[in-house]
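Spelled out, the chains give:
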Amino acid sequence: MTLTGNLLIGRAGVPATAGTMKAFNPAVGELIEPEFAFGGAAEVDRAVRLADEAVDSYSHTGPAERAAFLDLIADKLEAVKDELAARASLETGLPIAQFEGEVVRTAGVFRKFATVVRQGRFLQVAIDTAQPDRQPTPRMDHRLQKVALGPVVVFGASNFPISYSVAGGDTASALAAGCPVVIKAHNAHPGASEIQGRVIQEAVAEVGLHEGVFSLVRGAGNEIGEALVDHPLVRAVTFTGSEGGGMALYHRAQQRPEPIPVFTEMTSVNPTFVLPAALAARGAEIGGGLVQRAMYNAGQACLKPAILLALDGPGFQELRDAAIAEVEKAAARTMLTPGIHDSYVRNAQRMENGGATLIGAGPVPARAWDGQSLLYEVTGEQLLADPVLRKEVFSPAILLVRLTGMDQLLEVARAFRGQLSATLHAEAADHAAAEQLLSILERRTGRIVFNAFSIPQEVSYASTHGGPFPATSDSRFTSVGMGAIERFIRPVTYQNFPDDLLPQPLREANPLHLWRLVDGELSQH
Ligand code: NAP
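The rules we used
Residues numbered from 1 in each chain as written. Predicted model: local features only at pLDDT ≥ 70, side-chain atom pairs only at ≥ 80, totals over all residues. Heavy atoms only, no water. Helix = DSSP H or I, 4+ residues; strand = E, 2+ residues; numbered from the N terminus. Expected span 1.5 Å × (residues − 1). Buried < 20%, exposed > 50% of the residue type's maximum accessible area, 1.4 Å probe, protein only. Contact = heavy atoms within 4.5 Å. Axes fitted to C-alpha atoms, helices over the stretch in contact; angles between N-to-C directions. Parallel < 35°, antiparallel > 145°, perpendicular 65-115°, else oblique. Left-handed = near helix turned anticlockwise from the far one by under 90°. Pairing = 2+ DSSP bridges. Nonpolar A, V, L, I, M, F, W, Y, C, P; charged D, E, K, R; others polar.

The next point concerns helix α4 (residues 96-119). Over its 24 residues, α4 extends 35 Å from the first C-alpha to the last, a length consistent with the 34 Å expected when each residue adds 1.5 Å. Within α4, burial applies to Q98, F99, E102, V103, T106, A107, V109, F110, F113, A114, V116 and V117. Check the buried side of α4 and you find it contacts α2 (63-79), α3 (81-92), α5 (169-177) and β14 (333-334). Downstream of α4 by one or two residues, G120 has phi in the positive range, about 75°.

Put into structure tokens, the structure is as follows:
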């Protein structure tokens, strides 16, 4: 595929109206061809208006047609796997093999959402049949299904240029829900974004959907993102990135004349707690294993286990030594962008200013934007005293916390803000302590992992990638897994309707063979 650098608005490729940019290869410090177009408020308006025009037809596509569309995107993504992986690698400095895996995984996510659409359970159909003789008041027939919200704006993430970007899980789940998508492509990987965008654009055309089902815009600075969030026809926003960016967009959306939901996924340190018997039995294994996982994507992952907490006692030294040995082996890797690299350097300095002691370091970086692997240590008392030490450092840096005892461990657990995940390492002898810790963790995280590591994230029906603020702005939802579709639907009840005017999922004969809650009982009839 020859990259054009154009914005993708409906079926059109739109050249620059507000300047251009080139991608940057952080591994060698060079700009890469071609030039990519920036647009402005006029392009946002055109994309969102088209998306709004597409809502009526697209949100009423039947399960077979919509699922076929999602399957086609999956096939087309796999067909461009090699060039997409190569371009993503060029634009991020991360290995091609990682992106080949990401393409396969992302295609798999589209296929899983195709299954969700065919099954139709997400419609959550409920039917309360008429009770004309009920006393003292008769009941009319009530039929509920979930419907699509309307145009959704997706802010692509910088750190997963495929699976959390243009064709990522946000786009897949919004399209599955029946919502047209306008993506704000991240400027860190414009070429990878265009390849994915054109794959979806082609699929829209081949299936014969309204062209407004998908558009991709890009711009310089905050204006384009602000114009998207402000547009009166946008019905929901998803965002993955920094807490500052996410909250700026969240507040902006709440100040619109018509506020809309903004689902931000922002920051998490994913604390790992090692209880005493597990520490004594497996200290070295846990310390070394955690560091290996934390280095995935050069530590630029929302699920990085950034803080490792253990009691000073049997096994602690082994855990510490193994963690140091693993960090010293971890080669410096190119960070995604110079900005993310510079922010790492600043935040590492912040840790040292906060009293953290550097106890292990990987080889010194050879290139300008490589991030060195670092291991810091603090006491439980220090961690409790300084909230800055409990903040995410988006990088290959890890903090080891030496705790005085279970009381301090529980106090520290209570001090954490909302998290995407927390991990517990425990043996049978630890279970009483684990129970105390679990009730604290359940209130603070969306996922609790037992005797394992939180990476990789499974994309399935039981996945949760969410959690209380500031992990996300809405802890009731997940952004990964089949449940992610629920962010983009809302209930509508049809009351006292004749059968032929009802949507197919609600009709008496159940023509789609859905599982439905009929008078409180699950039924497929
Ligand atoms: P970011 O700065 O939050 O930007 C994410 C996207 O939102 C970009 O497209 C950006 O547009 C846009 N944006 C941000 N603030 C905006 C605002 N006020 N108004 C309008 N648009 C806005 O995140 P990033 O560029 O990916 O990386 C920066 C930092 O974010 C990292 O160092 C890391 O700390 C954090 N991060 C965390 C995660 C995670 O999973 N926890 C993932 C990625 C990044 P422009 O680029 O055009 O400004």
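Here helix α13 (residues 406-415) crosses helix α14 (residues 431-442) at 15°, and the two axes come no closer than 9 Å. On the basis of their axis angle, the class for α13 and α14 is roughly parallel. Viewed along their axes, α13 and α14 form a crossing whose handedness is right-handed. Along its contact with α13, which presents M406, L409, L410, A413 and R414, the element α14 presents A433, Q436, L437 and I440.

We now examine the sheet that holds strand β13 (residues 307-311). Spatial ordering of the open sheet is given by β15-β17-β18-β13-β12-β19-β20, a layout of seven strands whose pairing is mixed. Every interior strand has two partners, whereas the edge strands, β15 (357-361) and β20 (448-450), have only one. Across the sheet, the mean angle separating the axes of adjacent strands is 20° when strand polarity is ignored. Bridge count for strand β12 (residues 272-274) against strand β19 (residues 422-425) is three bridges, and the pairing is parallel. Of the residues in β19, the one forming a bridge with V274 is H425. Strands β17 (374-379) and β18 (397-403) of the sheet are contacted by helix α11 (residues 338-353), whose axis makes an angle of about 30° with β17. Relative to β18, α13 is tilted by about 140°, and along the sheet it contacts β12, β13 and β18.

This paragraph deals with the packing of α2 against α4. One can describe the packing of α2 onto α4 by two numbers: an axis separation of 8 Å at closest approach and a directional angle of 175°. With respect to α4, the axis of α2 lies roughly antiparallel. Along its contact with α2, which presents P63, R66, A67, A68, L70, D71, I73, A74, D75, L77 and E78, the element α4 presents V103, T106, A107, F110, R111, F113, A114, V117 and R118. Classifying every residue of the contact of α2 with α4 by side-chain character gives 13 nonpolar, one polar and six charged.

Structural measurements only, silent on function.
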